[in-house]
Amino acid sequence: MVTGALLGMTMLFTPLAEVVPAAAAAPALVLVGALMMTQSRKVPWDDLELAVPAFLTIALMPFTYSITNGVGAGVISYTLIKAARGKWDEIPWLLWVVSLIFLVYFAIDGLF
């Protein structure tokens, strides 16, 4: 899964983002939010395996003021839902790695 690899790379640059003031990051959050809202109509909301991670991603970004928190919650929930439903073969190994990285990140910094 290519997006999983990109998310993992994003985590590597997260410490660099901490030096950017919040006022400078606000326009990026607005832009990402607008782009996500245009894509939200394409989410199959009747499929819980996709709807729950999409909802968490969309909802947590503005409430936590962090793109990383939203994406991390979405990635972790997607992985856990697939695993809970016994669809282990549908979870790429890289998604497990990225989920683990996000879990460590949230354990250290917390979600809120």
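See above for the structure.
Here, residues in each chain are numbered from 1, in the same order as that chain's written sequence. With pLDDT at 70 or above as the cut-off, local features in this predicted model cover only qualifying residues; side-chain atom pairs require 80 or more to be listed or tallied, and sums for whole chains, interfaces and linings still use all residues. The basis for every side-chain value is the complete set of heavy atoms in the structure, and neither hydrogens nor water enter the calculation.

Requested: an account of the pattern of salt bridges, with residues and values cited.
Criterion for a salt bridge: a side-chain nitrogen of Lys or Arg within 4 Å of a carboxyl oxygen of Asp or Glu. With the rule as written, the count across this model stands at 4 salt bridges. Here Lys82 makes a salt bridge to Glu49, at a shortest N to O gap of 2.9 Å. Taken together, the positions of Lys82 in helix H4 (residues 67–84) and Glu49 in helix H3 (residues 48–64) put the pair 33 residues apart, joining distant regions of the chain. Take Lys82 and Glu49: they sit in the same class, and that class is buried. Note that Glu49 and Arg85 form a salt bridge whose closest N and O atoms lie 3.4 Å from each other. Taken as a pair, Glu49 in helix H3 and Arg85 in the loop between H4 and helix H5 (93–109) lie far apart in primary sequence, 36 residues in all. Each residue's exposure class comes from its accessible area (1.4 Å probe, protein chains only) as a fraction of the maximum for that residue type: buried when under 20%, exposed when over 50%, partly exposed otherwise. Owing to a relative accessible area of 4%, Glu49 belongs among the buried residues under this scheme. Because the salt bridges share partners, they merge into one network encompassing Glu49, Lys82, Arg85, Lys87 and Glu90. A run of H or I in DSSP becomes a helix once it reaches four residues, and a run of E becomes a strand once it reaches two; helices and strands are each numbered from the N terminus.

I'd love a proper account of the packing of H3 against H4, names of residues and values included.
Think of each axis as a best-fit line through the C-alpha atoms, taken over the contacting stretch in the case of a helix, with angles from 0 to 180 degrees between the N-to-C directions. The N-to-C vectors of H3 and H4 enclose an angle of 160 degrees; their axes lie 7 Å apart at closest approach. Here H4 runs roughly antiparallel to H3, going by the angle between their axes. The chirality of how H3 crosses H4 is right-handed. Along its contact with H3, which presents Leu48, Glu49, Leu50, Val52, Pro53, Leu56, Thr57, Leu60, Met61 and Thr64, the element H4 presents Ile67, Asn69, Gly70, Val71, Ala73, Gly74, Ser77, Tyr78, Ile81 and Lys82. Residues are sorted three ways: Asp, Glu, Lys and Arg are charged, Ala, Val, Leu, Ile, Met, Phe, Trp, Tyr, Cys and Pro are nonpolar, and all the rest, Gly among them, are polar. Here the residues of the contact of H3 with H4 are counted per class, giving 12 nonpolar, 6 polar and 2 charged. For classification, angles of less than 35 degrees are called roughly parallel, those exceeding 145 degrees roughly antiparallel, those between 65 and 115 degrees roughly perpendicular, and all remaining angles oblique. Handedness of a helix crossing follows the sense of rotation of the near helix relative to the far helix, less than a right angle counterclockwise being left-handed and clockwise being right-handed. In this description, contact between two residues means that some pair of their heavy atoms is separated by no more than 4.5 Å.

Break down H4 for me, citing the residues and quoting the values.
Three- or four-residue spacings in an α-helix give side chains the same orientation, since the helix completes a turn every 3.6 residues. Take the residue count of a helix, subtract one, and multiply by 1.5 Å to get its expected span. Relative to the 26 Å expected for 18 residues at 1.5 Å per residue, H4 spans 26 Å between its end C-alpha atoms, a close match to the ideal helical length. Burial runs high along H4: 14 of the 18 residues are buried. Where H4 ends, the next residue or the one after it, Gly86, has phi of about 75 degrees, a positive value.

Which residues make up the nonpolar core, and what are the values?
Side-chain atoms within 4.5 Å link the members of a nonpolar core, which is a set of buried Ala, Val, Leu, Ile, Met, Phe, Trp, Tyr and Cys residues. By size, the foremost hydrophobic cluster in this structure holds 12 residues: Met61, Val71, Val75, Ile76, Tyr78, Ala83, Ile91, Leu95, Val98, Phe102, Tyr105 and Phe106. When contributions to this core are tallied by element, the ones reaching two or more residues are H4 and H5.

Explain the packing of aromatic side chains residue by residue, including any values.
The rule is short: rings of Phe, Tyr and Trp, with Trp giving its six-membered ring, pair when the centres are within 6.5 Å, and they are stacked under 30 degrees, edge-to-face over 60, tilted in between. Tallied over the entire structure, the rule returns 3 aromatic pairs. Ring centres 5.5 Å apart and planes at 15 degrees place the aromatic pair Trp88 and Trp96 in the stacked group. By relative accessible area, which is 52% here, Trp88 ends up exposed. Here the aromatic residues Phe102, Tyr105 and Phe106 are joined through ring pairs into a cluster of three or more.

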